[in-house]
Amino acid sequence: MSHTASTTAATDAAFMRRAIAIARDARSKPGASPIGCVIVLDGAIIGEGCNEVGPRSDPTAHAEIVAIRRAARAVGPDLRRATLYSTLQPCGMCSMASIWARIGRIVYGAERDQVHKMYFEDRHLDTMDFIGDAFREDLALAGGVLGDVAAELYYHPDDDVPTSEQSNI
């Protein structure tokens, strides 16, 4: 592994650990979900958040959207050189928001096959489908960063999830 690749891997792991910490903290917030996100520009966190759909009564308040809004308030709406770190592979809405915000890179932890299907609204589309459809060849994607650690935050594929806790099904 080259120095640049090992530096990138170490940096990705460090910022993913921060996203995981945010997700863990969300467990103690009434109505929040354990999904964490940080947005980094030039080595500094410019926005972060957890899934706040319940507390805000806002179905668009996913962790990535919350973090994008905070980042845009901090530096403006063009996040071209920024990296978004999410504990879970972004859903379609969050993928498109990243495209519109011109996020330069998306890094996520847990992948679709590591978690229960309720976390995704359509099992046949994924982040790469949205990126390709938007002709964003300049948007880089890295998945599975601390994926096993991040997956522990969520129900697993074969878990019997109580109906009261299910969403997107």
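Look above for the structure.
Cut-offs used in this document
- Residues numbered from 1 in each chain as written.
- Predicted model: local features only at pLDDT ≥ 70, side-chain atom pairs only at ≥ 80, totals over all residues.
- Heavy atoms only, no water.
- Helix = DSSP H or I, 4+ residues; strand = E, 2+ residues; numbered from the N terminus.
- Expected span 1.5 Å × (residues − 1).
- Buried < 20%, exposed > 50% of the residue type's maximum accessible area, 1.4 Å probe, protein only.
- Contact = heavy atoms within 4.5 Å.
- Salt bridge = Lys/Arg side-chain N within 4 Å of Asp/Glu carboxyl O.
- Pairing = 2+ DSSP bridges.
- Axes fitted to C-alpha atoms, helices over the stretch in contact; angles between N-to-C directions.

1. Section: helix α3 (residues 63-75)
Inference 1: Its 13 residues give α3 an end-to-end C-alpha distance of 18 Å, which sits within 8% of 18 Å, the value for a rise of 1.5 Å per residue.
Inference 2: Listing the buried residues of α3 in full gives Ala-63, Glu-64, Ile-65, Val-66, Ala-67, Ile-68 and Ala-71.
Inference 3: Against β1 (33-41), β2 (44-51), β3 (83-88) and α4 (92-100) lie the buried residues of α3.
Inference 4: Remark: Gly-76 follows α3 within two positions and exhibits a positive phi of approximately 105°.

2. Focus on the pattern of salt bridges
Inference 1: For the structure shown, the criterion picks out 7 salt bridges.
Inference 2: Linking Asp-12 and Arg-105 is a salt bridge whose minimum nitrogen-to-oxygen distance equals 2.7 Å. Of this pair, Asp-12 sits in helix α1 (residues 3-26) while Arg-105 sits in strand β4 (residues 105-110), placing them 93 residues apart in sequence.
Inference 3: The closest approach of N and O atoms between Glu-48 and Arg-18, which form a salt bridge, is 2.7 Å. Placement of the pair is Glu-48 in strand β2 and Arg-18 in helix α1, with a sequence separation of 30 residues.
Inference 4: One continuous salt-bridge network, built from bridges that share partners, spans Glu-52, Arg-56 and Arg-70.

3. Here's the deal with the sheet that holds β4
Inference 1: If you trace the 5 strands from one edge of the open sheet to the other, you get β2-β1-β3-β4-β5, paired in mixed fashion. Among the strands making up the open sheet, the edge pair consists of β2 and β5 (140-142). Neighbour to neighbour, the strand axes of the sheet diverge by 15° on average, direction disregarded.
Inference 2: Where β4 meets β5, 3 bridges bridge the pair, whose relative direction is parallel. By the bridge assignment, Ile-106 is partnered in β5 with Leu-141.

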